[in-house]
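# A structural walkthrough
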Amino acid sequence: MELFNGLHLFYTPGHTIGHYSLMVETTAGRPLMFMADVSYTAAAYENDQQAGFHNDPVAGVRSIRRIKRLVRQHDAELFFTHDMDSFRNYKLAPDHYGG
């Protein structure tokens, strides 16, 4: 569902009821995919693992696979919520603003 121009929500249940992931299109490059707790780390994501599901593990694996399809389809940059190795390489918001 596109909420606004360039701001998309995708229903990704499993971790919790009513869980959504967010993709933001940017003018500066690749879209940004924030999947929140669909999968915590890059290693878990690669192996279709959702370590912290609270609701439905089968739906959680389907959501991981959906995110993988969306990332490939849109060539999106993926962000993990609990992965310190990935965080070290993230550009923080001030790095994305011109000035």
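This text goes with the structure placed above it.
Scope of this entry: the structure provided in the associated data block. Here the structure is a predicted model, which is why all the values come from computation and not from measurement. (Residues numbered from 1 in each chain as written. Predicted model: local features only at pLDDT ≥ 70, side-chain atom pairs only at ≥ 80, totals over all residues. Heavy atoms only, no water.)

A count of helices and strands for the chain gives 4 helices and 5 strands. Ordered by position from the N terminus, the helices and strands of the chain form the series β-β-β-β-α-α-β-α-α. Burial status across the chain gives 37% buried among its 99 residues. In the chain, the proportion of contacts linking residues at least 24 apart, taken out of those at least 6 apart, comes to 49%. On the chain, roughly 6400 Å² of surface is accessible, and the fraction owed to carbon and sulfur atoms is 55%. (Helix = DSSP H or I, 4+ residues; strand = E, 2+ residues; numbered from the N terminus. Buried < 20%, exposed > 50% of the residue type's maximum accessible area, 1.4 Å probe, protein only. Contact = heavy atoms within 4.5 Å. Areas by Shrake-Rupley, 256 points an atom, 1.4 Å probe, with all protein chains shown as cover.)

Our focus in this paragraph is the pairing of strand E2 (residues 7–11). The alternating pattern of E2 places His8 and Phe10 on a buried face, while none of Leu7, Leu9 and Tyr11, on the opposite face, is buried. Hairpin remark: strand E1 (residues 2–4) followed by E2, antiparallel, with 2 residues in the connecting loop; positive phi at Gly6, about 85 degrees. As paired strands, E2 and strand E3 (residues 20–24) are joined by 5 bridges and run antiparallel to one another. Its bridge partner lying in E3, Phe10 is registered against Ser21. (Pairing = 2+ DSSP bridges.)

Applying the stated criterion across every chain, the model contains 3 salt bridges. In this structure, Asp48 and Arg65 form a salt bridge, with 2.9 Å as the shortest nitrogen-oxygen distance. Pair noted here: Asp48 is in the loop between helix H1 (42–46) and helix H2 (57–74) and Arg65 is in helix H2, with a separation of 17 residues, a long-range link. In this structure, a network of salt bridges that share partners links the residues Asp48, Arg65 and Lys68. (Salt bridge = Lys/Arg side-chain N within 4 Å of Asp/Glu carboxyl O.)

The full count for this structure, using the stated rule, is 3 aromatic pairs. A centroid spacing of 5.3 Å and a plane angle of 50 degrees characterise the contact between Tyr11 and Tyr20, whose relative ring orientation is tilted. Here Tyr45 and Phe80 contribute two aromatic rings whose centre-to-centre distance is 5.6 Å and whose plane-to-plane angle is 70 degrees, an arrangement assigned as edge-to-face. With Tyr45 in helix H1 and Phe80 in the loop between strand E5 (77–79) and helix H3 (84–87), this residue pair connects regions lying 35 residues apart in the sequence. Here the guanidinium or amino end of Lys68 rests over the ring plane of Tyr45, the centre of that ring lying 5.2 Å away. (Phe/Tyr/Trp six-rings, centres within 6.5 Å; stacked < 30°, edge-to-face > 60°. Lys NZ or Arg CZ within 6 Å of the ring centre and 35° of its normal.)

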